[in-house]
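Inside the fold
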Amino acid sequence: MKYSLLLFFLSTPFFYAQNYTEYATGSSVDLDTNHESGVCLMGGATENDEAMAWFLNKANGGDIVVLRASGSDGYNDYFYSELGIGINSVTTFVIANELGATDPYVLEKVANAEAIWFAGGDQFDYVSYFKNNAMEAALNNFINVKQGVIGGTSAGMAILGSAYFSAENGTILNAEALADPYHPDLTLGYNDFLDIPYLENLITDSHYDDPDRKARHSVFLARYAKDNGLNAFGIACNEYTAVCVDADGIANVFGEYPDYPEYAYFLQSNCVSDFMPENVTAGVPVTWNKNEEALKVYKVAGTYGGINHFNLADWTNGSGGTWENWYIDNGTFITAAGENPFCNALSITQEDLNIVSVYPNPFSDVIHIDSKMNYDTVEIFNSLGQKMSAQQEQEFINTSNWPSGIYILLLKSVQGQIAKTLIKT
């Protein structure tokens, strides 16, 4: 494709009715490339250059969009020129509200991007501005249809799992979470926002060097297991560590070990039939013991070159790491040396991942729903966030009068929500 030689080397801000600010660097004309999919999870401090090069190389010279709710153009020069990876452009949008997130120009830039990066900040801003609207539909289309690379650091990492700590009421400390798993500050979202391959039934956490992280993260997973009746998974990074996941599910861990103690952690509820926590009750200290093996955790050193890895396709195989057992006994969090559980987690969780089947996708006139979960209502929204259908539990929905486009289907139950991104041809 031919493209303009006009370049904006200075990231000049453009303000649009205070809904968003744009900073543009590079070519002003979109460039389509043979990009690749993937996801990059960054621990929350200064970015790891090798992981960022991995991220940019997936764009294959295309266009990068940075989404943030605070700050300015800090990524523009870093992505465009400082890493030595040739790309067409970097556009940063500092989003001020939902109107900014759903502005047609912003959505067009997201759709045309080959890579999308979420900056740090306050993750509840992202949840408030991007969820249940046209931006959510655009992001899930980018991830699952266009199959571009996506990533984020700190708050940007926090929203990438299918479940997430929303921080709606601010952060929460280990002691608060351990003492009351339904503490008002322990606000979780379940399967109702981003749908990223290999991050199903999973909650991320960053800044894992902070001593107030591991225990609360374990409580997040206990809550997920209790509230959904499903195996729970987690990925966490120390501040200068990054996890980059290829299309085949191999998660390479980047850092500067052994010069610095930089680790990533892969958490999973033990693959036994009775994995559920013993006590996850409002106002009562958590117990998730299971013979002192409630959580199986693979701790991996992040190295130069990202040599060490873990396989998210089976949650068993990895290199360069050690296994640990984590558990909670009456509000006390404990870690100990462990062993590989050698569970075929893919087959164990396959039923969980296929708990709801919506087909065909793409669809034309009718959507069929096959659910092993009892749900109360099914709602479908178009890419503008308009509700197209709201009905009680049923097996099919007539869509013959709907225009072609992207739709979000939400199945709602007392356990939470499950979201599916659909395309009408």
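In what follows, the accompanying structure is described. In this text, all values refer to a predicted model and were calculated from it rather than measured experimentally. (Residues numbered from 1 in each chain as written. Predicted model: local features only at pLDDT ≥ 70, side-chain atom pairs only at ≥ 80, totals over all residues. Heavy atoms only, no water.)

Here we look at the sheet that holds strand S20 (residues 356–359)
- The strand order S20-S21-S24 describes an open sheet built from three strands, whose pairing is antiparallel. Across the chains shown, the open sheet's two edge strands, defined by having one partner strand only, are S20 and strand S24 (396–398). The average undirected angle you get between the axes of adjacent strands in this sheet is 15°.
- Here S20 runs beside strand S21 (residues 366–371); their pairing, made up of four bridges, is antiparallel. Its bridge partner lying in S21, Tyr 359 is registered against His 368. (Pairing = 2+ DSSP bridges. Helix = DSSP H or I, 4+ residues; strand = E, 2+ residues; numbered from the N terminus. Axes fitted to C-alpha atoms, helices over the stretch in contact; angles between N-to-C directions.)

Side note on the pattern of salt bridges
- Taken as a whole, this structure holds nine salt bridges when the rule is applied.
- Between Lys 58 and Asp 246 there is a salt bridge; the shortest N-O distance is 2.5 Å. Placement of the pair is Lys 58 in helix H1 (residues 49–59) and Asp 246 in the loop between strand S12 (242–245) and strand S13 (250–257), with a sequence separation of 188 residues. (Salt bridge = Lys/Arg side-chain N within 4 Å of Asp/Glu carboxyl O.)

Here's the deal with the sheet that holds strand S11 (residues 233–237)
- Ordered in space as S10-S11-S14-S15-S18-S19, the six strands form an open sheet in which the pairing is mixed. Across the chains shown, the open sheet's two edge strands, defined by having one partner strand only, are strand S10 (202–205) and strand S19 (332–337). With direction set aside, neighbouring strand axes in the sheet form an average angle of 20°.
- Bridge count for S11 against strand S14 (residues 263–269) is five bridges, and the pairing is antiparallel. Residue pairing in the sheet places Ala 236 in a bridge with Tyr 265 of S14.

Some words on the environment of Ser 89
- Along the chain, Ser 89 turns up in strand S5 (residues 89–95).
- In this structure, the C-alpha to C-alpha distance between Ser 89 and Ile 64, residues 25 residues apart in sequence, is 6.1 Å.
- Within polar-contact distance, the side chain of Ser 89 engages the side chain of Asp 63 at 2.6 Å. (Polar contact = N/O pair within 3.5 Å; in protein donor to acceptor, adjacent residues only side chain to side chain.)

Some thoughts on the nonpolar core
- Ranked by internal contacts, the top residues of the largest apolar core, which has 76 residues, are Phe 55, Phe 79 and Phe 266.
- Here the element with the most residues in this core is H1; it accounts for seven residues.
- Residues in contact with Phe 55, not counting those within four places in the same chain, are Cys 40, Ile 64, Phe 79, Ala 115, Ile 116, Trp 117, Val 149, Ile 150 and Gly 151. (Core = buried A, V, L, I, M, F, W, Y, C linked by side-chain atoms within 4.5 Å. Buried < 20%, exposed > 50% of the residue type's maximum accessible area, 1.4 Å probe, protein only. Contact = heavy atoms within 4.5 Å.)

Side note on the side chain of Arg 223
- Along the chain, Arg 223 falls in helix H9 (residues 214–228).
- Using a relative accessible area of 8% as the deciding quantity, one classes Arg 223 as buried.
- Residues within four places of Arg 223 in sequence aside, it is in contact with Pro 181, Tyr 182, Leu 186, Leu 188, Tyr 190 and Val 280.

Looking at helix H4 (residues 104–112)
- Here H4 has its buried residues at Val 106, Leu 107 and Val 110. One face of H4 carries all of its buried residues, which in axial projection span an arc of 100°.
- On its buried face, H4 is in contact with strand S2 (20–27), strand S4 (63–68), S5, helix H3 (98–101), strand S6 (115–118) and helix H6 (134–146).
- The N-capping residue of H4, defined by a side-chain oxygen 2.8 Å from the backbone nitrogen of Tyr 105, is Asp 103. (Arc of directions from axis to C-beta.)

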